[in-house]
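Below, each chain spelled out in residue letters.
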Amino acid sequence: MSESYLIPAGDLLVEEEIKHSRFISSIFHCQSELEFKCVLTNLKLEYPGASHYCYAFVAGAPSDSINIGSSDDGEPSGSAGRPMLAALLGSNIGEVGAVVIRYFGGTKLGVGGLVRAYSSGLKKGLPQLETKLKQIRYPGKLVCGYHQLKDVEHLFSRCDVVIADKVFTDNISIEFAIPKRFKDELNLELATMSQGQLKALFD
């Protein structure tokens, strides 16, 4: 599994007219199917009265084949959602959703024409989409003394750790997430720093 992948850093719209039909392709960041459905609902409000709202999404890493989905929304089967999903999967971008809004202009395109039309905006838009790198981090826990906290936090910053929670009792319990490549280094440094007292536990 890759330790990082590209995700959209913003939204993009591509508008085309193909044989009198208007196609508006919206590409955006989407981390879950629920989040995707919220965006789809908003687009239907923003562009009312369209003939079709076809879509595809990859809600995880680019290689994720579980959190994906697509819909032809009334177009002939396989003519819209599947070609859109293929364009997304081929882009090597994760957590990405796309909706193509069609206002029918009176000329039928045939299945081949629809496949080209629905994937056209995505093929133009995806290379232009602004992206950023997402690090995959693994959850971990650590319990340390108050006198060790400053050194632990310094080590965490060096290992690109994101702290999720701190609970202060007799000791300090820290929940965090860390890139895979730093997991071994973190425990080595913790052991050195604390004469073997401290060890992070990973799920």
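A brief look at the structure comes next.

Reading guide: rules and limits
Residues numbered from 1 in each chain as written. Predicted model: local features only at pLDDT ≥ 70, side-chain atom pairs only at ≥ 80, totals over all residues. Heavy atoms only, no water. Helix = DSSP H or I, 4+ residues; strand = E, 2+ residues; numbered from the N terminus. Buried < 20%, exposed > 50% of the residue type's maximum accessible area, 1.4 Å probe, protein only. Contact = heavy atoms within 4.5 Å. Areas by Shrake-Rupley, 256 points an atom, 1.4 Å probe, with all protein chains shown as cover. Lys, Arg positive; Asp, Glu negative; His and termini not counted. Charge placed at Lys NZ, Arg CZ, Asp CG, Glu CD. Pairing = 2+ DSSP bridges. Axes fitted to C-alpha atoms, helices over the stretch in contact; angles between N-to-C directions.

Looking at the overall build of the protein chain
Counting its secondary structure elements, the protein chain contains five helices and eleven strands. Overall, the C-alpha framework of the protein chain stretches about 75 × 30 × 25 Å when taken along its three principal axes. Taking all 203 residues of the protein chain together, the buried fraction comes to 45%. Long-range pairs, those at least 24 residues apart, make up 68% of the contacts in the protein chain between residues at least 6 apart in sequence. Put simply, the protein chain shows about 10,900 Å² of open surface, and 51% of that area lies on carbon and sulfur atoms. Measuring between centres, the 21 positive side-chain charges of the protein chain sit 6 Å from its 24 negative side-chain charges.

A look at the sheet that holds strand 4 (residues 52–58)
An order of 2-3-6-4-5 is seen for the five strands of this open sheet, with the pairing classed as antiparallel. Every interior strand has two partners, whereas the edge strands, strand 2 (12–18) and strand 5 (68–71), have only one. Adjacent strand axes in the sheet meet at a mean angle of 15° when their direction is disregarded. Across four bridges, the pairing between strand 4 and strand 5 is antiparallel.

Some words on the sheet that holds strand 10 (residues 172–179)
Pairing is antiparallel in the open sheet, where four strands are placed in the order 9-10-8-11. Every other strand in the sheet has two partners, leaving strand 9 (162–168) and strand 11 (201–202) as the edge strands with one partner each. Here helix 4 (residues 149–158) sits on the sheet and contacts strand 8 (137–144), strand 9 and strand 10; the angle it forms with strand 10, its principal contact strand, is near 10°. Strands in contact with helix 5 (residues 183–193) are strand 8, strand 10 and strand 11; relative to strand 10, the strand with the most contacts, it is inclined by about 145°.

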